[in-house]
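Below, each chain spelled out in residue letters.
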Amino acid sequence: MIDRSVERTGAVAMGVFRFRGAASIALAAFALSACTTTGGASKGGLLGSGKSNSSAVYISALQGGIVARTGVKLSNSEMQRALEAEYRALEAAPGFQPVAWTGQSVSGQVVAAAPYQVGQQNCRQYVHKLNDKGRQIEARGAACRNPNGTWTPLT
């Protein structure tokens, strides 16, 4: 009689290794799904489709941001980049660290000051500097963070 327990144990081990390999690949694909290779907005990576609604909520909450106060004519993609830079500066950048963006004919940078408290809200003053074909334009403002993570500019 031949003992087949060793063969079954080997087959089980091979199945476990195959499962681990497949699980590792799936995990890596999921982890990389939100990565982008350009400075633009994420298109959803491997598992997503299109622009995330949540980023649109954060951008629209800025109500055009302080970049809209400059009077500079921006394309839709330039406006999107400018507002994303405002949001990143307000939400995550250390105080006085510039967050730069570049469009086809206009570029800019947003610099937020250190946060301060107004009641229960965190607020920040910030400056948006634009370079429009060599012309330097600057807008100043302040915004406060809402409990849902959006920022509302102060008027």
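Refer to the structure above for everything that follows.
Every residue gets a number counted from 1 within its own chain, in the order that chain's sequence is written. Given that this is a predicted model, residues contribute local features only at a pLDDT of at least 70 and side-chain atom pairs are listed and counted only at 80 or more, while totals for whole chains, interfaces and linings are drawn from all residues. Water and hydrogen atoms play no part in the side-chain values, which are based on all heavy atoms of the structure.

### Here we look at the state of the cysteines
Note the threshold: Sulfur atoms of two cysteines make up a disulfide when they are within 2.5 Å. Helix and strand labels come from DSSP, where a helix needs a run of H or I of at least four residues and a strand needs a run of E of at least two; each type is numbered from the N terminus. Only protein chains enter the accessibility calculation, which uses a 1.4 Å probe; a residue whose area is less than 20% of its type maximum is buried, one above 50% is exposed, and one in between is partly exposed.
Evaluation of the coordinates by the stated rule reveals one disulfide. One disulfide in the model links C123 with C144; its S-S distance is 1.9 Å. Judged by the sign of its S-S torsion, about 100 degrees, the bond between C123 and C144 is right-handed. Here C144 lies in strand β5 (residues 135-145) and C123 lies in strand β4 (residues 121-132), a separation of 21 residues in the sequence. Summarising the burial analysis for this pair, C123 and C144 share the class buried.

### What about helix α3 (residues 76-91)?
Spelled out, the test is: The span expected for a helix works out to 1.5 Å for each residue beyond the first.
The first and last C-alpha atoms of α3 sit 22 Å apart over 16 residues, in line with the 22 Å expected at 1.5 Å per residue. Inspection of α3 places E78, A82, L83, E84, A85, E86, Y87, A89 and L90 among the buried residues, and these make up the whole buried set.

### Notes on the pattern of salt bridges
Which entries qualify depends on this criterion: Put simply, a salt bridge is a Lys or Arg side-chain nitrogen that is within 4 Å of an Asp or Glu carboxyl oxygen.
Under the definition given, this model contains three salt bridges. Taking the shortest distance from any N to any O, the salt bridge between R135 and D132 comes out at 3.1 Å. Residue classification places R135 among the partly exposed residues on the basis of a relative accessible area of 48%. Salt-bridge contacts for R140 lead to E138; the nearest nitrogen and oxygen are separated by 2.9 Å.

### Topic: the environment of V110
Applicable threshold: The contact criterion used throughout is that any non-hydrogen atoms of two residues lie within 4.5 Å.
If you trace the backbone, V110 turns up in strand β2 (residues 106-112). Taking C-alpha positions, V110 is 9.5 Å from L83, a pair spaced 27 residues apart along the chain. Look past the residues within four positions of V110 in its chain and what remains in contact with it is A85, E86, A89, Q97, P98, V99, Y126, V127 and H128.

### Focus: the pairing of strand β1 (residues 99-102)
Keep this limit in mind: Pairing between strands requires that DSSP locate at least two bridges from one strand to the other.
Residue alternation in β1 divides its side chains into a buried set, V99 and W101, and an unburied set, A100 and T102. Of the pairings in the sheet, the one linking β1 to β2 comprises four bridges and is antiparallel in character. For W101, the partnering residue across the bridge sits in β2 and is G108. Joining the antiparallel neighbours β1 and β2 is a turn of three residues.

### Digging into the pairing of β4
Here seven bridges tie β2 to β4, and the two strands are oriented antiparallel to one another. Looking across to β4, one finds that S107 is bridged to N131. Two elements, strand β3 (residues 116-118) and β4, share three bridges in a ladder whose sense is antiparallel. Across the sheet, residue Q117 finds its bridge partner in β4, namely N122. As paired strands, β4 and β5 are joined by 10 bridges and run antiparallel to one another.

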